[in-house]
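What the coordinates show
Next come the chains, spelled out residue by residue.
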Amino acid sequence: MTSVTSHFAPPRLSLRLLAVWRRNFLVWRKLALPSIVGNLADPVIYMLGLGYGLGMLVPEVEGVSYIAFLAGGTLAYSTMNAATFEALYSGFSRMHTQKTWEAIMNAPVSLDDIVVAELLWAASKACLAGIAILAVIAAFGFAASPLALAAIPVIFLTGLCFAALGLIMTALAPSYDFFMYYFTLVITPMTLLSGVFFPQGQLPDAVRAVAEWLPLSHAVALVRPLLLGELPTQAGLHLAVLAGIAIAAFWLALGLTRKRLLK
Amino acid sequence: MSPLEISGLVKRFGEGPDAREVVRGLDLQLIPGECFALLGPNGAGKTTTLRCALGLTAASAGSIRLCGLPVPERARDARARVGVVPQLDSLDPDFTCAENLLVFAGYFGLPEREVRPRIPELLAFAGLEGKENARIQSLSGGMKRRLTLARALVNRPELLILDEPTTGLDPQARHLIWERLRRLTAEGTTILLTTHFMDEAERLANRLAIMDAGRILAQGSPREVIAAHIEPQVVEIFGEWQGEGAAAWAAAHAHALCQRCEVSGETAFCYTTDAAPLLAHLAQRPGLRSLHRPANLEDVFLKLTGRDLRD
Ligand SMILES: Nc1ncnc2c1ncn2[C@@H]1O[C@H](COP(=O)(O)OP(=O)(O)OP(=O)(O)O)[C@@H](O)[C@H]1O
Ligand SMILES: [Mg+2]
């Protein structure tokens, strides 16, 4: 009954998962302002600092000012960070430290419901943070076209993708310390290689061939043109890759979480 | 319909040669409206049995019906009719007392407008009048436990399952919880609780089971269990007479004066149907002090599960 196959069976869900999502939302709402400012401050400071500072040395990148180039990358990577943080640290604290999930499972809610709710919540929170960053970017005049609004569903999808990847780590983590490895070995290199701060054309060919498949690269490839008022090229491919990674990662995360908690 | 029926429950952790059988063929059948206590030392398998019953972990063998529904197939529907006080507190530290109840009711699909009016009553039941807006961090251990009890009642359960509800509480808090549990059984709620405390089981339970190492060793009403498993009188002997301690005394004399004698450190526990000859014998040895009392559940528990520490 507890075989590997049953752990990786498709999820069986109920609408009760909305109550779990709502629980996280209600907690967030209590501290919404500091939370948004926290998610906002770092990327905005980097964007303005690097954008205006380095922008003096780098007059134009791919035909636009450096800060306009940086804006799309900033939106994408800060969404990644917000989703990752929520799935890792907050998720682990609810799963392990606070035993929130255990309490919920005593009600007519399944672990599958909880993990899906956590996925949706982390993506929602990342999306809320992303919208705030988008507003700042727009206020500085770097998202003038209405096409920029199309970036919102893209950042939600980006949030889903990184929340799902993060939940794999959460399912495997023995303690919070474990997450440092994920940031140092995965998230930070991904941020540097995915065309956030400089075009991927600058990378050596071999590195670039790999880097182009990183999920953040696809998010950047979608978000940047939208902020610049252009339709992304190969949008279908980029969306499909993000969705594909989100589904595969979620399936793995769910299986590992079931294995951890239902044994 | 029995609120919980377990037959032949086996639970193994791990696979292959490392597998450990933690529950080994357990049968249990609750009678509607009763309070049933599951007694057992640390690691006996009490929590594991409850997790299986709730469908939170898959049984390795056996069958379970919770509120008449097969588990794990319909565990989710069954849990809608059950309240649970888990062994470890899992209140939501980000919420106030009232919010904890409201949000938890949400997991049962109960709308806020239905639950909000009941909150003062639920908090009062738990002895937490006026604590609606108190933060969880500001509650004592006993208050948290009582709030957890209130939380377990938001769905008006038919069956209330409590895993060590009073461990770590002061006597006042324990008595309040006992009183509330009696009130619940009086109103018709069936209760299944686990405990290490014999007095708790003796006071609350209509029936109880003593389990150890995954098996039930004795089952019945507290009186039945005592009558069936142990001699009715106990004389505890300690102290020293003419250089001879209680242990040495027991080795020399106990077999002739009582049916059974257990020595633990420097105390001898003599079990007997008639203590008079033993007491007369001890009267000749004033250095050996003794305590004569009726046998209780703890004696049965120690007889069945041994006096060694578990961990
Ligand atoms: N998830 C698990 N994986 C492996 N072993 C486990 C797991 N859960 C419990 N065990 C083991 O099963 C045995 C029974 O544990 P259980 O928690 O059911 O005991 P208990 O009777 O509730 O004890 P206590 O009074 O200490 O709460 C213990 O030896 C424990 O180490
Ligand atoms: Mg236990």
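Residues numbered from 1 in each chain as written. Chains lettered and ligands numbered in written order. Predicted model: local features only at pLDDT ≥ 70, side-chain atom pairs only at ≥ 80, totals over all residues. Heavy atoms only, no water.

1. Regarding the interface of chain A and chain B
How big an interface is tends to be reported as the loss of accessible area on association of its parts. On the chain B side, the residues contacting the 28 residues of chain A number 33 residues. A combined buried area of about 2,400 Å² lies between chain A and chain B, and 56% of that area is made up of carbon and sulfur atoms. Our enumeration of links across chain A and chain B arrives at 5 salt bridges. For Arg76 of chain B, the salt bridge identified is with Asp113 of chain A, shortest N-O distance 2.5 Å. Secondary structure elements with two or more residues in the side of chain A that touches chain B: α2 (17-30) and α5 (100-105) of chain A. Counting residues per element, the side of chain A that touches chain B draws most heavily on α2 of chain A, at 7 residues. Taken together, the residues of the side of chain A that touches chain B break down into 14 nonpolar, 6 polar and 8 charged. (Contact = heavy atoms within 4.5 Å. Buried area = accessible area lost by both parts, 1.4 Å probe. Salt bridge = Lys/Arg side-chain N within 4 Å of Asp/Glu carboxyl O. Helix = DSSP H or I, 4+ residues; strand = E, 2+ residues; numbered from the N terminus. Nonpolar A, V, L, I, M, F, W, Y, C, P; charged D, E, K, R; others polar.)

2. Structural notes on the nonpolar core
Formed by 179 residues in total, the largest nonpolar core has its most connected members in Leu216 and Leu227 of chain A together with Leu181 of chain B. When residues of this core are assigned to domains, at least three map to each of domain 1 (4-227) and domain 2 (231-294) of chain B. Excluding residues that lie within four positions of it along the chain, Leu216 of chain A makes contacts with Ala76, Tyr77, Met80, Phe162, Met190, Thr191, Ser194 and Val196 of chain A. Counting residues in hydrophobic clusters, the runner-up holds 14 residues, among them Leu257, Cys270, Leu278 and Leu288 of chain B. (Core = buried A, V, L, I, M, F, W, Y, C linked by side-chain atoms within 4.5 Å. Buried < 20%, exposed > 50% of the residue type's maximum accessible area, 1.4 Å probe, protein only. Domains from an automatic or database assignment.)

3. Let's talk about the packing of helix α6 (residues 141-152) of chain B against helix α7 (residues 171-186) of chain B
Residues and elements named next belong to chain B. Packing of α6 against α7 brings their axes to within 10 Å, and their N-to-C directions diverge by 10 degrees. Taken together, α6 and α7 sit at an angle that is classed as roughly parallel. Considering only the axes of α6 and α7, their crossing is right-handed. In this structure, α6 contributes Gly142, Arg145, Arg146 and Leu149 to the contact, and α7 contributes Ala173, Leu176, Ile177, Arg180 and Leu181. Considering only residue class, the contact of α6 with α7 consists of 5 nonpolar, 1 polar and 3 charged. (Axes fitted to C-alpha atoms, helices over the stretch in contact; angles between N-to-C directions. Parallel < 35°, antiparallel > 145°, perpendicular 65-115°, else oblique. Left-handed = near helix turned anticlockwise from the far one by under 90°.)

4. Some details on the pattern of salt bridges
Residues and elements named next belong to chain A. For the structure on display, the rule yields 23 salt bridges over all chains. A salt bridge links Arg94 to Glu86; its shortest N-O distance comes to 3.0 Å. The same class applies to Arg94 and to Glu86, which are both buried. Several salt bridges converge on common partners, so that one network encompasses Glu86, Arg94, Glu118 and Lys125.

5. Some details on the sheet that holds strand β4 (residues 61-66) of chain B
All names here are of chain B. On the basis of which strands lie adjacent, the open sheet formed by 4 strands has the order β2-β1-β4-β5 and antiparallel pairing. What marks the edges here is a single partner per strand, and that holds for β2 (20-29) and β5 (69-71). Along the sheet, successive strands turn relative to each other by an average axial angle of 25 degrees, direction set aside. Both strand β1 (residues 4-13) and β2 contribute to a ladder of 7 bridges, which runs antiparallel. Residue pairing in the sheet places Ile6 in a bridge with Leu28 of β2. (Pairing = 2+ DSSP bridges.)

6. Overview of the sheet that holds strand β7 (residues 159-163) of chain B
Two orientations exist for strands paired in a sheet by backbone hydrogen bonds: parallel and antiparallel. All names here are of chain B. Taken together, the 6 strands give an open sheet; going across it, the order is β6-β7-β8-β3-β9-β10, and neighbouring strands pair in mixed fashion. Looking at the sheet topology across the chains shown, the edges are occupied by β6 (82-85) and β10 (215-220). With direction set aside, neighbouring strand axes in the sheet form an average angle of 15 degrees. Along the sheet, helix α12 (residues 297-305) contacts β3 (35-39), β9 (207-212) and β10; its crossing angle with β9, the most-contacted strand, is approximately 30 degrees.

7. Some remarks on the environment of Glu73 of chain B
Residues and elements named next belong to chain B. Take Glu73: it is sitting in the loop between β5 and α2 (75-79). Take Glu73: its relative accessible area is 52%, and that puts it in the exposed class. As for Glu73 and Met1, which are separated by 72 residues in sequence, their C-alpha atoms are 18 Å apart.

8. Side note on the domain arrangement of chain B
Its domain assignment divides chain B into domain 1 (4-227) and domain 2 (231-294). Centre-to-centre, using C-alpha coordinates, domain 1 of chain B lies 40 Å away from domain 2 of chain B.

9. Structural notes on the site of ligand 1
Residue and element names in this part refer to chain B. Taken together, the neighbourhood of ligand 1 is formed by 15 residues, with Gly43, Lys46, Thr47, Thr48 and Gln87 sitting nearest. Take Asn42: an N or O atom from its side chain is 2.9 Å from an oxygen atom of ligand 1. Here an oxygen atom of ligand 1 and a side-chain polar atom of Thr48 are 2.5 Å apart. Alone, ligand 1 offers 640 Å² of accessible surface; in the complex the protein occludes 71% of this. When contributions to the shell around ligand 1 are tallied by element, the ones reaching two or more residues are β2 and α1 (46-53). (Near = heavy atom within 4 Å. Polar contact = N/O pair within 3.5 Å; in protein donor to acceptor, adjacent residues only side chain to side chain. Areas by Shrake-Rupley, 256 points an atom, 1.4 Å probe, with all protein chains shown as cover.)

10. Some details on the coordination of the magnesium ion (ligand 2)
All names here are of chain B. Surrounding the magnesium ion (ligand 2) are the protein donor atoms Thr47 (OG1) and Gln87 (OE1), at 1.9 to 2.2 Å. With Thr47 in helix α1 and Gln87 in the loop between β6 and α3 (97-107), the pair connects residues that are 40 residues apart, well separated along the chain. Here Thr47 falls in the partly exposed class, since its relative accessible area comes to 27%. (Donors = N, O, S within 2.8 Å, 3.2 Å for Na, K, Ca; no water.)

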